[in-house]
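Spelled out, the chains give:
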Amino acid sequence: MIDVRNLKKSYGKLEVLKDISVEIKEKEVVCVIGASGSGKSTFLRCLNRLEEITDGQVIIDGQDITAKEANINKIRQEVGMVFQQFNLFPHKTVLENIILAPMKTRGTPKTEATNKAMELLDKVGLKEKAGSYPGELSGGQKQRVAIARALAMNPKVMLFDEPTSALDPEMVGDVLEVMKQLAQEGMTMVVVTHEMGFAREVSDRVLFIDEGVIAEQNVPSELFTNPRNKRTQAFLSKVL
Amino acid sequence: MEAIMNALPYLLEGLKVTIYIFVIAIILGFIIGLIMALLRLSPIRALNWIAKIFIDAIRGTPILVQLFFFYFGLNSLEFISFDRTTAGIITVAINAGAYFAEIIRAGIQSMDKGQTEAARSLGLTGTQNMRYIILPQAFRRMLPTFTNQAIISLKDTSLLSVIGIADLTQQGQIAIAATFKAFEIWLVVGIMYFLLIYLLSLLSSFLERRFELR
């Protein structure tokens, strides 16, 4: 589904990602962990070209997103993204937030988009908030709306960039629950997270990124209990 | 009192001209400002420079000189001719446009980058992002500054009397020439401008409340 080949990303002289290659299969849930500044968010943002890629290739569903002829807007329609800061549109209601992209990018009729949006809101437990504005919601509710907004495009892949890091502790559970359900339904997911419990329980594979490279990757049961790399050991001893 | 009553129809006639010129100029000015702001933020260097030169040239010269340039200057060229009202509207519009451009640019740049990232990650194009996400939010923020500039532009229209446009100020001068009641007439003219500007700020605070983010 996602094939990353020799991905490099630099800001000027600063090399943030140094030659990352990884393949993510359909329906796989991959968690990306690592210290802040390790490059894990940059890695995720390269997957839908929110960060321009310095060198290497990212191939999503057979399409090279770095190719000159690639239509990045078309590709992004298939790649949902959820941000740490939610980034809901504050001047639009919850419902309008969700139906905007399907209507404007795919020309979905309003009634159809609305039906789908209500279905998704029901799924994330916020049907009664359809008419509210983002400013009236709690952080956890905002993030669940953001997930519904991304799902409204029927993406093939969902990218999560530290989706619970800006939430009050008591809100984290609701959001993780929605993500867990999504994983169980077979969504392909790449999740940058500090939630080791979630990574351990839900993911099929965990990537540990350190200093711009994948220092170690394994199934969670192995990586968390039996890390082989010294840096993984050091990181896990701090966060677990 | 009688002098004022006699002058009033002429002053109201002038007020109409002032409002007419102001409304057209401010709408044109807004369009010019929006285009210039977008050029200024465009990734294409040349467009950037066009907007920058326009804005600097207008902000760097007195409006009276611009007025003389557009009316006397351009009209002295053989292939151009327009009447004083057109020259007056162009002057106020272009002047407002240069200031609007900077207001709009600052408004767009003050928007949280996350808004654009969210819109683009959903597959919206850059233009769609501007139109549906960035500008609607930026305009709300800019409303008080817009009002400020609109008030300045309204006052600027009084300069147009210099080239003989029959606006409120010009009609005041004519009325004084006929009645010699300078104190009373200028007082009435001042009150008329004041009421007009007061209405403008009422409209602005109404719009601000109307579009307040909940």
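Structure: above.
Below, the structure is looked at part by part. Just so it is clear, the structure is predicted and the values come from calculations on it, not from any experiment.

Turning our eyes to something else, we now look at helix 9 (residues 230-239) of chain A. Residues and elements named next belong to chain A. Listed as buried for helix 9 are Thr232, Phe235 and Leu236. Relative to the axis of helix 9, the buried residues are bounded by an arc of 95° and lie together on one face. Looking at helix 9, the residues exposed on the side facing more than 90 degrees away from the buried face are Lys230, Ser237 and Lys238. Buried-residue contacts for helix 9 involve strand 3 (29-33), helix 7 (196-202), strand 9 (205-210), strand 10 (213-218) and helix 8 (220-225). Regarding helix 9, its N-cap is Asn229, as a side-chain oxygen of that residue lies 2.7 Å from the backbone nitrogen of Arg231 further along.

All names here are of chain B. For the coordinates displayed, the defined rule picks out ten aromatic pairs over all chains. Ring geometry for Phe30 versus Phe100: centroids 6.0 Å apart, planes at 75°, classification edge-to-face. Remark: Phe100 occurs in helix 4 (residues 84-109) and Phe30 occurs in helix 1 (residues 2-41); sequence separation between them is 70 residues. In this structure Phe30 comes out as partly exposed when scored by relative accessible area, which is 27%. Since its relative accessible area comes to 3%, Phe100 is described here as buried. Here the aromatic rings of Phe194 and Tyr198 are separated by 6.1 Å at their centres, their planes lie at 15°, and the arrangement is stacked. Taken together, the residues Phe194 and Tyr198, both in helix 8 (residues 182-210) and four residues apart, mark about one turn of the helix. On the basis of relative accessible area, Phe194 is assigned to the exposed category, the value being 54%.

The rules behind these values
- Residues numbered from 1 in each chain as written.
- Chains lettered and ligands numbered in written order.
- Predicted model: local features only at pLDDT ≥ 70, side-chain atom pairs only at ≥ 80, totals over all residues.
- Heavy atoms only, no water.
- Buried < 20%, exposed > 50% of the residue type's maximum accessible area, 1.4 Å probe, protein only.
- Helix = DSSP H or I, 4+ residues; strand = E, 2+ residues; numbered from the N terminus.
- Arc of directions from axis to C-beta.
- Contact = heavy atoms within 4.5 Å.
- Polar contact = N/O pair within 3.5 Å; in protein donor to acceptor, adjacent residues only side chain to side chain.
- Phe/Tyr/Trp six-rings, centres within 6.5 Å; stacked < 30°, edge-to-face > 60°.

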